[in-house]
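One-letter residues, chain by chain:
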Amino acid sequence: TRSSGSHIAVVASEKGFGRISWTMKKWIVLLGGAMFCVFFISMYMVVDQLGRLPSSHEIFKNEVTKQIKEPLDFLEKDLNKLQVDLLRSGKIIDGLQNAVDQLRFNGREPPTEKTQDLSPVRRPAVPASDMDDGCIFSGSASGKSANVKMLDMFDVMPFDNIDGGAWKQGWNVQYDDTAFDKEPLNVFVVPHSHNDPGWIKTLDQYYTQQTRHILDNVVDALAVDKKRKFIWAEMSYLSMWWKEADEKRKKLALEQLTNGQLEIVTGGWVMNDEANTHYYAMLDQMIEGHQWIEKNLGSGIKPMSGWAIDPFGHTPTMAYLLRRMGFHSMLIQRTHYQVKKHLGKEKNLEFMWRQNWDHGSSTDMFCHMMPFYSYDVPHTCGPDPKICCQFDFRRLQGGGISCPWRVPPVRIDDYNVASRAKLLLDQYKKKAQLYRSNVLFVPLGDDFRYETTFETHEQYTNYQKLMDHINSHPELKATVQFGTLSDYFNALWKTTGTEPGGQPKGFPALSGDFYTYADRDDHYWSGYYTSRPFYKNMDRALETQHRAAEIIFSVAESHARHHGSSSFAVEQLYGLLTNARRNLGVFQHHDGITGTAKDFVVVDYATRMLQSLNDMQRVIQDSAHFLLTSDKSHYRTPDKVLPPLKFGESRQAQDSMPTKEVLTLSNTPSYSSNSQVLQT
C-alpha cells in the first residue's frame, strides 16, 4: 500500500511538473516573439534613419547655403537699401547743385563754350532754324541733366493711393494767408471748350449739332465786353465754321484774335494722341492747322502755347516738336494721379521739360501740369470739387446738368457776392500752394461747353461780379481776371523776371515721359495702345502713300511750271493732297487712332482714310504719267479707264483686307522647244 501510494505521488508530481513546463514554454515563446518584434522594429528604425542621413552632395549644398548664399542674400538687401539711399542722395545733390547755379548765375542757365541761348521769343526776327539746326545738343558738355528724372521718380515714389479727403488723390491743402501780404495772388480764369473731332458722335455730327453754336456764342459774347477772353484748339472745327460763318462774325473773330480776346492754342488740326501716333503724322496735322491759320486768318496770328488737356498720357516728343516750331510754353493734364501728388508736394508741377538725350538745355520747353483729376470746372478751381462745382454756372437750374455733390450753384448778386467770393478765393489760394509763383491758372470749361446762350451768359456775368468784388477789396489780397493761356504764361514770366520760354529762378528741369496714365485707383489706360489694330495699320498705310504722293506731285508740279504746262491738274491734285492730310490728321485725334470712339465713329474715320488712299493713288498715277511724258508742254490727262500705273494692292471697303494685284504673264506656261525650261 505504501509503495502504491508512493507511485501515485510520483506520477502526480510528474504531471504537475509537466503542466508547469508547458506554461513556461508558452511564456518563453511569447517573450521571444516579443523580443524578436522589438528587435525587428528597432532594426527597421535604425535602417530607416540611416537612409535619411544626408548625402555628401546635400551636406555640401547645405554648407554652401550657410556659408555663401545666406551672406549674399544679406548683402543684396544691404545693396538695395544703399541704392535707394544713393538715389535719394543724388536728388538732394542735384537740388543743391541747381540752387548753387541759380545763385551764381542769377537764375539763368550756366554758360558753356558750345551752347547758346535759344529761348524762343514771340515772332522772332531770326527763324528758329537759323538759331538751332536741331543738333546743338550734341555739342554741349555732357553731365548736365534734369533735376527731376521720371525713371528715378517711379522707383522711389510710393503708389499708396491714400484717401486725401476732399481732394481724394491728394491731401488736405492748407495755407498761411499772410504769405499773400507782399505778393497778392494773381488769378487768370481761362474759358475754354474741348471739342473732340469724333468720339460719341462723328466729326460732322458734332459740328452740326454743337460746335457751330459754340463758336457763334463765343464770338458774340466776346463782342459784348472786351474783358472777356476765350481759347480755341481744334482747327478742324474752326475751318468748318469759317466756311459758313457770316462776314460779320468773321470780322468780329479776326478783331478778337488780334486784340487778344480770342487765342488759338497749339493750332493743330486736332489735339493729337501722343502714344500711338507717328511723329510724321503729328507734324503733318500741325502743318495743316498752321497753314490754314496763315491762309485764312493772316500771318500775324501764330499760336505760341501748347494745350493738351485730354490725350491719355504725354510724351516728351511733343514738347520737342513744339519747341522746334517756336513755341515757348505748353500745358498738359492727364498724368498719373500719384505723379501729380508727388510733384505737387515739391511744387514741381511747372518745369522745363528736357529731352533725355539732351546734355544741356537747348530742348527745354516750359510746361504747366494741371494738378487735379480732370479739366472740368469741379476739378480745376481748387482741391475741393464739391465747392468748385458750385461755381460752374452751367449747372444752374435750366442748364441741363447738376452737381453730383448735391450742392447746386447760385447766381451771384449784391447780397451773396462777398461770401461766395470768399469761398471761391479760398480754393484759389489752396491751389496756389502747389506752384512756385503767385500767378494762378484756372480753366473754366469742359467738353463742348458754351453751346447755349444760357451758359455763355451765366458764366461770364456771374464770374465778372465775383471778379469785381475781389478786385475792389485789397484786403482779400488777390486780383482775378479773365485771360488766355498766353496771358497766364506772360504774367508768370513777368513776375519771375524771365524771358518768354526761359527757365524761371528755382523752377526744376524734368526729363522723361508720363506713361502709363491712371486717373484713379488701378485704372491704367493702356488698352488703347493696341485696340483696333486694323485701323492703326490703315493709318500707317495712308501716311506712307500720302508722303509718296507729296514727293512725286512736287516733282511733277515743278516740271509743269518749268515747261509751262497748263493741262497738268495742279489745283485738283493739290486739293486731293490737302483733303488726305486733313483726313489723316482727324484720325490722329486722341479718340481716333486710340480706338476709344464709338464703332460707327471709327467707321467714319476709316471711310475717310479709304477715300484718301484711293485719292493718293490717283495723285501718284497722274504725276507719274506726266513725268513719263516726253512732250510735257502738250500733256493730256491720262485715260481714267486704263490708268498708266497700277498699285500692288487695293482696298474694296474700309474694313476689308488689302487685295494684292496679280500680274498674269500668260495663261499657259511657255517652254523652250529644246531644253523644256520654263520661260520667265
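The preceding data block contains the structure.
What comes next concerns the included structure.

Definitions and cut-offs
Residues numbered from 1 in each chain as written. Predicted model: local features only at pLDDT ≥ 70, side-chain atom pairs only at ≥ 80, totals over all residues. Heavy atoms only, no water. Patch = residues over 30% accessible without salt bridge, like charges linked within 9 Å, V, L, I, M, F, W, Y side chains within 5 Å. Areas by Shrake-Rupley, 256 points an atom, 1.4 Å probe, with all protein chains shown as cover. Salt bridge = Lys/Arg side-chain N within 4 Å of Asp/Glu carboxyl O. Helix = DSSP H or I, 4+ residues; strand = E, 2+ residues; numbered from the N terminus. Buried < 20%, exposed > 50% of the residue type's maximum accessible area, 1.4 Å probe, protein only. Pairing = 2+ DSSP bridges. Expected span 1.5 Å × (residues − 1). Arc of directions from axis to C-beta. Contact = heavy atoms within 4.5 Å. Polar contact = N/O pair within 3.5 Å; in protein donor to acceptor, adjacent residues only side chain to side chain. Core = buried A, V, L, I, M, F, W, Y, C linked by side-chain atoms within 4.5 Å. Domains from an automatic or database assignment.

With that out of the way, let us pick up a nonpolar patch on the surface. Residues Ile68, Leu72, Leu75, Leu79, Leu82 and Leu86 make up a contiguous nonpolar surface patch of about 570 Å² in total accessible area. Mapped onto the elements of the fold, Leu86 is located in helix α2 (residues 56-104).

This part takes up the pairing of strand β10 (residues 478-482). Along β10, the buried face is formed by Ala478, Val480 and Phe482; none of Thr479 and Gln481, which line the opposite face, is buried. Of the pairings in the sheet, the one linking strand β2 (residues 185-194) to β10 comprises 5 bridges and is parallel in character. Across the sheet, the residue bridging to Phe188 is Gln481, located in β10.

Between its first and last C-alpha, helix α7 (residues 247-259) extends 18 Å over 13 residues, near the 18 Å set by a 1.5 Å rise per residue. Within α7 the residues assigned to the buried category are Lys250, Leu252, Ala253, Gln256 and Leu257. Each buried residue of α7 sits inside an arc of 165 degrees when the element is viewed along its axis, so together they form one side. Of the exposed residues in α7, the ones pointing more than 90 degrees away from its buried face are Glu247, Lys248, Lys251 and Thr258. On the buried face of α7, the contacting elements are α5 (203-224), α6 (235-244) and β4 (262-264). In this structure Asp246 caps α7, since a side-chain oxygen of it lies 3.1 Å from the backbone nitrogen of Lys248.

Take the nonpolar core next. Grouped together as the largest cluster of nonpolar side chains are 121 residues, with contacts concentrated most on Tyr428 and Tyr463. Per element, the largest residue contribution to this core is 11 residues, and it comes from helix α17 (residues 599-628). Here this core gathers at least three residues from each of two domains, domain 1 (148-267 + 303-524) and domain 2 (531-630 + 653-658). Setting aside residues up to four positions removed in sequence, Tyr463 forms contacts with Phe391, Phe393, Leu424, Tyr428, Leu444 and Phe482. By size, the runner-up hydrophobic cluster in this structure holds 24 residues, among which are Phe188, Met271, Phe366 and Leu485.

Next up on the list: the pairing of strand β8 (residues 365-369). For β8, the buried fraction is high: 5 of the 5 residues fall into the buried class. The two faces of β8 match: Met365, Cys367 and Met369 on one face and Phe366 and His368 on the other face are all buried. Sheet topology note: the strand β6 (residues 329-332)/β8 ladder contains 4 bridges and is parallel. Residue pairing in the sheet places Leu331 in a bridge with His368 of β8. Pairing geometry for strand β7 (residues 350-354) and β8, over 4 bridges, is antiparallel. Within β8, the position partnered with Phe351 by the bridge is Cys367.

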